[in-house]
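The chain contents come next:
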Amino acid sequence: MPAARRLRWWTEIPLVIAVYGLYSAGRLVARGDVSTAVDHGLGVLRAEQSLRLDVVRPLNRLFSTEAWLGIAADYVYASLHYVLTPLVLVWLWRRRPSGYRAMRTWLLTSTVLGLAGFTLFPTCPPRLLDPAYGFVDTMARYADYGWWAGEASAPEGLGGLTNQYAAMPSLHVGWSLWCAVVVWRYAGGRRAVRAPVFLYPLAITLVVMGTANHYLLDAVAGVAVMGLGLLLTPAVQRAAGALRDRFAPVRRGARGPVAPAGTTVVRTGGAVHRGSVPQPRRGAPGPGGTPVRTAPGAPAVGAGCQTARRTAPTREAPEATADDDTPRPHGGRQPGPGAAGAADTPAPATR
């Protein structure tokens with residue numbers, strides 16, 4: 001059975017929950033010094049201005065003056081990030097299990113990298129800068145139209161559980177790009193028909209800037225994080241596979257090591273012996289000094305042993321020497337050198 005078919009929901013769900021819990025906890029731990037986050041935000045803003053990439057301000061002005069556009073953008077920002085990404089993950093699990101493990105690893109690896117960015121570079125979003133910089137917090141302005149409060153996209157009363165200074169990189173953009181790539185790669189139909197799915201990360205990029213939750217460079221960093229996560233995915237999968245093989249429990253019903261190819265399993269006195277049984281030399285003395293005559297390639301079993309595969313019982317014949325021509329019972333005679341294995345088969349009767 002392919003590895004993708006052995007996926008189990010009771011191992012996948014705790015893994016995803018654990019990484020998301022780490023992501024959420026990291027956002028809280030990374031709150032840090034507000035003044036440092038503000039300095040980083042102003043630094044990003046100055047960098048965009050020097051690169052002539054100051055597109056957040058005009059977009060935010062549009063979203064804050066057109067209520068229908070601003071409210072819709074706030075709903076998209078507060079919901080799709082947490083709803084659509086899990087839905088795509090579940091769809092991939094059920095419809096394309098062969099690609100699920102790699103895509104899931106890519107998503108989780110990139111999320112951990114984003115958490116490192118939040119921790120090492122806390123950044124104040126444009127909406128939390130001094131109003132003198134010309135940015136409007138649309139989620140605070142239109143809070144009466146949704147479930148969120150003035151503090152990020154958290155439900156009202158739970159804003160204190162979020163880290164509002166985790167703007168760099170933008171995982172809203174990163175996760176939306178992951179969704180688009182997964183659907184484009186694994187959905188049926190022609191690729192040209194699937195190409196419009198990339199409008200989703202483009203729309204999310206406009207939303208996070210229009211609502212003043214991220215700078216343009218935050219969105220660029222989100223794409224870069226996803227690219228780095230994709231490059232690291234094979235190494236992460238190999239490391240996870242090595243850990244799984246090392247700590248995997250012994251399967252139930254295991255009966256010990258399997259005998260290697262080329263060995264013979266014999267049974268002596270009820271005990272099973274696994275190992276190579278030496279082949280006697282042609283003409284070497286057997287039990288009682290009688291030379292052993294074996295045909296080339298004929299299997300040999302030690303004296304007093306029986307093979308695991310039992311044959312029909314035969315009448316025992318008296319021991320005979322090499323020169324004995326005494327007729328066997330039923331008129332049979334001693335087999336010649338070319339009759340390999342004839343001792344286990346009754347000789348034909350003669351008239």
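If you're wondering where the values come from, they're calculated on a predicted model, not measured in any experiment.

K.L.:
Help me understand the nonpolar core, please; the structure alone is not making it clear to me.
P.N.:
In globular proteins that are soluble, nonpolar side chains generally tend to be buried together. Residues Leu92, Met103, Leu129, Trp178, Val182 and Val208 are the most contacted members of the largest nonpolar core, which totals 45 residues. Counting only elements with at least two residues in this core, the list comes to helix 2 (34-50), helix 3 (56-65), helix 4 (67-95), helix 5 (97-120), helix 7 (171-186), helix 9 (199-210) and helix 10 (216-247). Ranked by residues supplied to this core, first place goes to helix 7 with 8 residues. In this view, Val208 contacts Tyr77, Ser170, His172, Val173, Asn213 and His214; residues no more than four positions away in its chain are not counted.

K.L.:
I would appreciate a short explanation of unusual backbone geometry in the present structure.
P.N.:
Peptide bonds are trans in most cases, and residues, glycine excluded, mostly fall at negative phi. A cis amide bond, omega 0 degrees, links Met168 with the succeeding residue Pro169. Note on placement: Pro169 falls in the loop between helix 6 (138-141) and helix 7. Unlike most non-glycine residues, Arg52 shows phi in positive territory, near 60 degrees. Note on placement: Arg52 falls in the loop between helix 2 and helix 3. The class for Arg52 is exposed, based on a relative accessible area of 77%. Positive phi, close to 65 degrees, is recorded for Ala212, a residue that is not glycine. With respect to the helices and strands, Ala212 occurs in the loop between helix 9 and helix 10. Exposure remark for Ala212: the relative accessible area of 0% places this residue in the buried category.

K.L.:
Just to check I follow, could you spell out the packing of helix 7 against helix 9 for this structure?
P.N.:
Helix-helix packing: each pair is described by the crossing angle between the helix axes and the interaxial distance. Contact geometry for helix 7 and helix 9: axes closest at 8 Å, N-to-C directions at 170 degrees. One finds that helix 7 runs roughly antiparallel with respect to helix 9. For the element pair helix 7 and helix 9, the recorded crossing hand is right-handed. Contact with helix 7, carried on its side by His172, Val173, Ser176, Leu177, Cys179 and Ala180, involves Tyr200, Pro201, Ile204, Thr205 and Val208 of helix 9 and no other residues of that element. The class makeup of the residues in the contact of helix 7 with helix 9 is 8 nonpolar, 3 polar and no charged.

K.L.:
Explanation requested: helix 4 in the structure shown.
P.N.:
With 29 residues, helix 4 extends 39 Å from end C-alpha to end C-alpha; this agrees with the ideal 42 Å at 1.5 Å per step. Among the residues of helix 4, those classed as buried are Leu69, Gly70, Ile71, Ala73, Asp74, Tyr77, Ala78, His81, Thr85, Val88, Leu89 and Leu92.

K.L.:
How should I be thinking about the side chain of Thr123 in this particular structure?
P.N.:
Here Thr123 shows up in the loop between helix 5 and helix 6. Side-chain polar atoms of Thr123 contact the backbone oxygen of Phe121, separated by 3.0 Å. Not counting the four nearest positions on each side in its chain, Thr123 is found in contact with Ala37, His40, Gly41, Val44, Gln164, Tyr165, Ala166, Ala167, Met168 and Tyr215.

K.L.:
Which parts of the structure should I look at to understand helix 3?
P.N.:
In an α-helix, one full turn covers 3.6 residues, which means residues spaced three or four apart are oriented alike. Taken together, the buried positions of helix 3 are occupied by Val56, Arg57, Asn60, Phe63 and Ser64. On an axial view of helix 3, the arc spanned by its buried residues comes to 130 degrees, and they lie on one face. Elements in contact with the buried residues of helix 3: helix 2, helix 4, helix 6, helix 9 and helix 10.

K.L.:
Quick question: what am I supposed to make of the packing of aromatic side chains here?
P.N.:
The way to describe two aromatic rings as a pair is by their centre distance and the angle between their planes. Enumeration over the complete set of coordinates arrives at 3 aromatic pairs. The interplanar angle of 90 degrees and the centroid separation of 5.3 Å between the aromatic rings of Trp93 and Tyr100 together place this pair among those described as edge-to-face. Since its relative accessible area comes to 23%, Trp93 is described here as partly exposed. Residue Tyr100 is classed as buried on the basis of its relative accessible area, which comes to 2%.

K.L.:
Is there a simple way to think about the side chain of Thr205 in this case?
P.N.:
Position of Thr205 among the secondary structure elements: in helix 9. Of note is the side chain of Thr205, whose polar atom sits 2.8 Å from the backbone oxygen of Pro201. In this view, Thr205 contacts Val173 and Ala219; residues no more than four positions away in its chain are not counted.

K.L.:
Sorry, what's going on with the environment of Gly210 here?
P.N.:
Of note, Gly210 is situated in helix 9. Taking the C-alpha atoms as reference points, Gly210 and Leu62, separated by 148 residues in sequence, lie 7.4 Å from one another.

K.L.:
Can you help me understand the confidence of the model for the protein chain in this one?
P.N.:
Detailed reading of the predicted coordinates is not advisable wherever pLDDT is low. Mean pLDDT over the protein chain works out to 74, with 58% of the residues at or above the 70 mark. Of all the helices and strands in the protein chain, strand 3 (residues 306-307) carries the lowest mean pLDDT, 46, while helix 9 carries the highest, 96. For the stretch residues 1-5, pLDDT sits under 50, and the model shows 5 contacts to residues farther than four places along the chain or on other chains. A low-confidence stretch, residues 250-256 stays under pLDDT 50, and its non-local contacts, those more than four residues away or across chains, total 0 contacts.

K.L.:
Would you take a moment to explain the packing of helix 5 against helix 10 for this structure?
P.N.:
Contact pair helix 5 / helix 10: the axes reach a minimum separation of 7 Å and the direction vectors enclose 115 degrees. Taken together, the axes of helix 5 and helix 10 are roughly perpendicular relative to one another. Seen along the crossing, helix 5 lies across helix 10 with a hand that is right-handed. Mapping the contact onto sequence places Arg101, Ala102, Thr105, Trp106, Thr109, Ser110, Leu113 and Gly114 in helix 5 and Val225, Met226, Leu228, Gly229, Leu230, Leu232, Thr233, Val236, Gln237 and Arg244 in helix 10. Across the contact of helix 5 with helix 10, the residue classes break down as 9 nonpolar, 7 polar and 2 charged.

About the criteria used
Residues numbered from 1 in each chain as written. Predicted model: local features only at pLDDT ≥ 70, side-chain atom pairs only at ≥ 80, totals over all residues. Heavy atoms only, no water. Core = buried A, V, L, I, M, F, W, Y, C linked by side-chain atoms within 4.5 Å. Buried < 20%, exposed > 50% of the residue type's maximum accessible area, 1.4 Å probe, protein only. Helix = DSSP H or I, 4+ residues; strand = E, 2+ residues; numbered from the N terminus. Contact = heavy atoms within 4.5 Å. Axes fitted to C-alpha atoms, helices over the stretch in contact; angles between N-to-C directions. Parallel < 35°, antiparallel > 145°, perpendicular 65-115°, else oblique. Left-handed = near helix turned anticlockwise from the far one by under 90°. Nonpolar A, V, L, I, M, F, W, Y, C, P; charged D, E, K, R; others polar. Expected span 1.5 Å × (residues − 1). Polar contact = N/O pair within 3.5 Å; in protein donor to acceptor, adjacent residues only side chain to side chain. Arc of directions from axis to C-beta. Phe/Tyr/Trp six-rings, centres within 6.5 Å; stacked < 30°, edge-to-face > 60°. pLDDT = per-residue confidence, 0-100.

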